[in-house]
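# Descriptive analysis of the structure
Letter by letter, the chains look like this.
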Amino acid sequence: MAKFELKLPKMGESVAEATITSWLKEVGETIEADEAVLEIATDKVDSEVPSEMEGVLVERLFEVDDVVQVGQTIAIIEISGEGETGSEDADVVEDEVPEPEEVKALEKRVSDAKEAVTNTVVSSEDRFYSPLVKNIAKAEGIDQAELDRISGTGLEGRVTKTDILTYIENRGNKPVVSAPVNNTKPQNASAPVVNNTATLETPVIPSGNDEIIEMSRMGKLVANHMVESAKTSVHVQSFIEVDVTNIWNWRKKVKDAFFKREGENLTFTPIFMEAVAKSLRDFPMINISFQDGKVIKKKNINLGMAAALPDGNLIVPVIKNADQLNLIGMTKNVNDLAKRARDNKLKPDDIQDGTYTVTNVGSFGSIMGTPIINQPQVAILALGAIRKVPAVIETPQGDFIGIRYKMFLSHSYDHRVVNGAQGGLFIKAVKDYLEAWDVDQVI
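Below you will find a few notes about this structure.

Rules used in this analysis
Residues numbered from 1 in each chain as written. Predicted model: local features only at pLDDT ≥ 70, side-chain atom pairs only at ≥ 80, totals over all residues. Heavy atoms only, no water. Pairing = 2+ DSSP bridges. Helix = DSSP H or I, 4+ residues; strand = E, 2+ residues; numbered from the N terminus. Buried < 20%, exposed > 50% of the residue type's maximum accessible area, 1.4 Å probe, protein only. Arc of directions from axis to C-beta. Core = buried A, V, L, I, M, F, W, Y, C linked by side-chain atoms within 4.5 Å. Contact = heavy atoms within 4.5 Å. Salt bridge = Lys/Arg side-chain N within 4 Å of Asp/Glu carboxyl O. Polar contact = N/O pair within 3.5 Å; in protein donor to acceptor, adjacent residues only side chain to side chain. Phe/Tyr/Trp six-rings, centres within 6.5 Å; stacked < 30°, edge-to-face > 60°. Lys NZ or Arg CZ within 6 Å of the ring centre and 35° of its normal.

### Overview of the pairing of strand β21 (residues 387–395)
Look at any regular strand and the pattern is simple: side chains alternate between the two faces of the sheet. Of the pairings in the sheet, the one linking β21 to strand β22 (residues 398–414) comprises 9 bridges and is antiparallel in character. The partner of P390 across the bridge, within β22, is I403. Where β21 folds back onto β22 in an antiparallel hairpin, the turn is made up of 2 residues.

Structure follows, in structure tokens:
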């Protein structure tokens with residue numbers, strides 16, 4: 001018999017740690033290859049960790065709510081067979097009457113792993129710490145409890161770089177008293193802020209007939225993300241109406257044959273995403289982010305598409321290099337991400353590195369919307385419902401009234417870096433691509 005070390009896998013470049021939310025297997029239970037052993041949560045997405053090997057779970061090195069670093073061993077699985085297992089990534093330890101030194105080494109490895117988690121500084125719902133602050137705290141030996149005692153002068157009481165450096169400079173002398181600004185997170189996210197002093201709204205006192213519903217972890221993350229976006233970006237909207245009659249008729253004509261050949265449903269979403277990707281290529285200064293007074297022009301066009309989760313929350317999986325996909329590739333990417341979002345099968349890497357986002361408010365019956373920008377992007381497009389409406393049709397023989405399929409596009413953009421001309425011309429380009437659709441094209 002041998003032992004396999006199950007490690008926390010890499011989950012994207014910006015994800016360094018995860019919180020264990022639940023164990024799906026108990027010690028002594030049999031695990032199949034590729035079967036999920038535990039569930040984890042990052043600040044971006046919830047996910048499962050499967051086992052590469054078939055065997056029996058003999059040890060769990062962490063408990064629920066523990067924070068684990070990428071690459072750390074989180075469980076030991078006993079597998080059958082001797083020596084190598086055939087997996088290049090498998091970390092296997094022989095189990096033939098271990099010597100005392102081997103036992104001590106294993107115990108030390110477990111102890112070091114737990115100690116590393118204990119000393120890890122993490123953010124919570126009430127206290128957010130930037131990666132820079134975390135790194136300074138780690139380098140200076142400041143633990144979680146000590147860091148939590150530092151008063152912050154940043155937004156909503158956050159500890160800034162200046163705060164922690166000032167604390168270190170005065171460490172061991174006397175407590176650091178921050179400037180008299182708001183250092184308490186508002187109890188209500190929608191409370192107005194005037195002159196850095198939070199004005200709390202009247203607390204809501206539920207009556208005996210009211211139902212109190214605790215928000216899910218994902219719901220809280222989305223809510224906080226939206227509040228931060230509204231505080232960060234100066235939101236401006238432009239609207240335009242698009243005649244999609246040619247697209248409607250073309251899709252109706254080809255969708256059945258497309259499904260038989262590709263095994264995929266041809267929806268309107270990939271058609272719209274293709275037009276957006278082409279427009280971003282024409283207007284590269286929409287495909288940017290803005291930070292510390294500098295504009296970061298993105299090389300890749302990575303389109304985020306808002307998708308509904310089973311619990312009603314929204315998540316934004318990303319189609320990487322969308323401008324390099326044809327309509328077939330775009331359709332397969334859209335369908336795959338939407339399905340895995342519904343099944344809670346998205347991985348952290350699936351929702352990272354987006355440069356522009358599209359949300360389909362029309363799927364809920366809305367004809368238009370004013371979406372909130374998905375930070376750190378600078379713009380987002382809302383697709384309204386397609387409606388059959390009477391319209392004036394211009395022809396060489398004169399104008400007449402006819403039935404057309406039309407929809408509204410709503411473009412929200414950050415007015416700090418995108419002016420009205422850019423924002424309006426961009427959705428005009430999307431409109432032009434859609435209305436110039438070739439009804440005779442074959443895919």
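### Some words on helix α4 (residues 161–169)
Looking at α4, one finds that the buried residues are D163, I164 and Y167. Along the axis of α4, the buried residues cluster in a sector spanning 90 degrees; they form a single face. Exposed positions of α4 whose direction lies more than 90 degrees from the buried face are T162 and E169.

### Let's talk about the nonpolar core
Among the nonpolar cores identified, the biggest contains 53 residues, and V276, L303 and Y356 are the most heavily contacted of them. The dominant element in this core, judged by the number of residues it contributes, is helix α7 (residues 269–282), at 7 residues. The residues touching V276, leaving out its near neighbours within four places in the chain, are L303, Y356, V358, L381, F426 and V430. Listed in part, the 23 residues of the second largest apolar core include I40, V49, L57 and I79.

### A few points about the pattern of salt bridges
Once their charged atoms are close, side chains differing in charge can pair, the charge on each being opposite to the other. Considering all chains together, one arrives at 16 salt bridges under this definition. Two residues, E35 and K25, come together in a salt bridge whose shortest N-O distance is 2.9 Å. Taken together, the residues E35 in the loop between β3 (30–31) and β4 (36–41) and K25 in the loop between β2 (17–23) and β3 connect sequence positions 10 residues apart. Taking relative accessible area as the criterion, E35 reaches 25% and is therefore assigned partly exposed. Residue K25 is classed as buried on the basis of its relative accessible area of 10%. Its salt-bridge partner being K431, residue E435 comes within 2.9 Å of it at the nearest N-O pair. Linking E435 with K431, this pair stays in helix α9 (residues 420–435), spanning 4 residues, or about one helical turn. The class of E435 is partly exposed, set by a relative accessible area of 30%. Residues participating in the shared-partner salt-bridge network are R261, E262 and K332.

### Structural notes on the environment of L6
Note on placement: L6 falls in strand β1 (residues 2–7). Taking C-alpha positions, L6 is 6.1 Å from I76, a pair spaced 70 residues apart along the chain.

### A short note on the environment of A391
Mapped onto the fold, A391 is located in strand β21. Placed 10 residues apart in sequence, A391 and I401 show a C-alpha to C-alpha distance of 5.5 Å. Apart from the residues within four sequence positions on either side, A391 is in contact with F400, I401, G402, R404 and K406.

### A short note on the side chain of N302
On the secondary structure map, N302 appears in the loop between β14 (294–297) and β15 (303–305). In this structure N302 comes out as buried when scored by relative accessible area, which is 6%. Among the polar contacts made by the side chain of N302, one reaches the main-chain carbonyl oxygen of D353 at a distance of 2.9 Å. Apart from the residues lying within four places of it in its own chain, the contact partners of N302 are V318, I319, K320, N321, D353, G354, T355 and Y356.

### Observations concerning the packing of aromatic side chains
Applying the stated rule across the entire model yields 6 aromatic pairs. Measuring from ring centre to ring centre gives 4.1 Å for W248 and Y405, while their planes differ by 10 degrees; the resulting arrangement is stacked. With a gap of 157 residues between them, W248 in helix α6 (residues 245–262) and Y405 in strand β22 connect regions that are remote in the sequence. Ring centres 5.4 Å apart and planes at 55 degrees place the aromatic pair Y356 and F426 in the tilted group. Of this pair, Y356 sits in strand β19 (residues 356–359) while F426 sits in helix α9, and the two are 70 residues apart along the sequence. In this structure Y356 comes out as buried when scored by relative accessible area, which is 0%. Residue class for F426 comes out buried when judged on its relative accessible area of 0%. Members of the aromatic cluster, each reached through a chain of ring pairs, are W248, F268, F272 and Y405. The ring of F268 is capped by R251, whose NZ or CZ atom sits 4.6 Å from the centre of that ring.

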